[in-house]
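What follows is the residue order along each chain.
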Amino acid sequence: DNKFTAKAYNEYGNWLEFAGKYRDAKENFERCISIGTKINESEIVSDAYGNLGNFFLNQKQYSEALCSQQKCLEMRKRFLEPDDGRIGTSYNDMALVLSAVDQLDEALQSYKIAMKIYKIAHGDDHPFTATVYMGMGNIYYKKKIYGKSLKYYTL
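Summary of the structure given here. (Residues numbered from 1 in each chain as written. Predicted model: local features only at pLDDT ≥ 70, side-chain atom pairs only at ≥ 80, totals over all residues. Heavy atoms only, no water.)

1. Notes on helix α2 (residues 22-38)
Part 1 of the reasoning: Its 17 residues place the ends of α2 24 Å apart at the C-alpha level, agreeing with the 24 Å of an ideal helix rising 1.5 Å per residue.
Part 2 of the reasoning: For α2, the complete set of buried residues consists of Ala-25, Asn-28, Phe-29, Cys-32, Ile-33, Ile-35 and Gly-36.
Part 3 of the reasoning: Those residues of α2 that are buried lie in contact with α1 (3-18) and α3 (42-58).
Part 4 of the reasoning: Remark: Asn-40 follows α2 within two positions and exhibits a positive phi of approximately 60°. (Helix = DSSP H or I, 4+ residues; strand = E, 2+ residues; numbered from the N terminus. Expected span 1.5 Å × (residues − 1). Buried < 20%, exposed > 50% of the residue type's maximum accessible area, 1.4 Å probe, protein only. Contact = heavy atoms within 4.5 Å.)

2. Let's talk about the pattern of salt bridges
Part 1 of the reasoning: Summed over all chains, the structure comprises 12 salt bridges.
Part 2 of the reasoning: With a closest N to O distance of 3.9 Å, Asp-24 and Arg-23 form a salt bridge.
Part 3 of the reasoning: For Asp-24, a relative accessible area of 28% puts it in the partly exposed group.
Part 4 of the reasoning: We classify Arg-23 as exposed; its relative accessible area is 63%.
Part 5 of the reasoning: Close ionic contact of Lys-119 with Asp-124 constitutes a salt bridge, the shortest N to O distance being 3.8 Å.
Part 6 of the reasoning: Judged by its relative accessible area of 35%, Lys-119 falls in the partly exposed class.
Part 7 of the reasoning: The structure contains a network of salt bridges with shared partners spanning Asp-1, Arg-31 and Lys-38. (Salt bridge = Lys/Arg side-chain N within 4 Å of Asp/Glu carboxyl O.)

In short, geometric facts, not functional conclusions.
Below you can see the structure in the form of structure tokens.
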């Protein structure tokens, strides 16, 4: 087992999920995590936890999704600079899960952290930044604060 094998399991897991082969996708993400952990490849493991979290979110398994996203974030914080865009992505992904379970204030806080990081890492006019604006608009819409929601939708 090596890092290329681990990465292949992770990428194949993404493909399998897209193809609707959910059990196989989950197994590939878990195999990636197992190999990556064994060979001490934290970056690969964190990416697989992020993909596994997205998988669980898509399957509406929210507690598992949040747990996987939190593992991803904690790992990334250990080996990346605080303003690395991948940490912003972890906060964005956690916000998606929190929003799905109507923990709107917590989701908004995660989006705000993601926004701060994305602006440093990518600038104001990057698609990742726009994605966070849309997510924040969705939160305000769910909270029935329509004026603020519209503001974020049009940024």
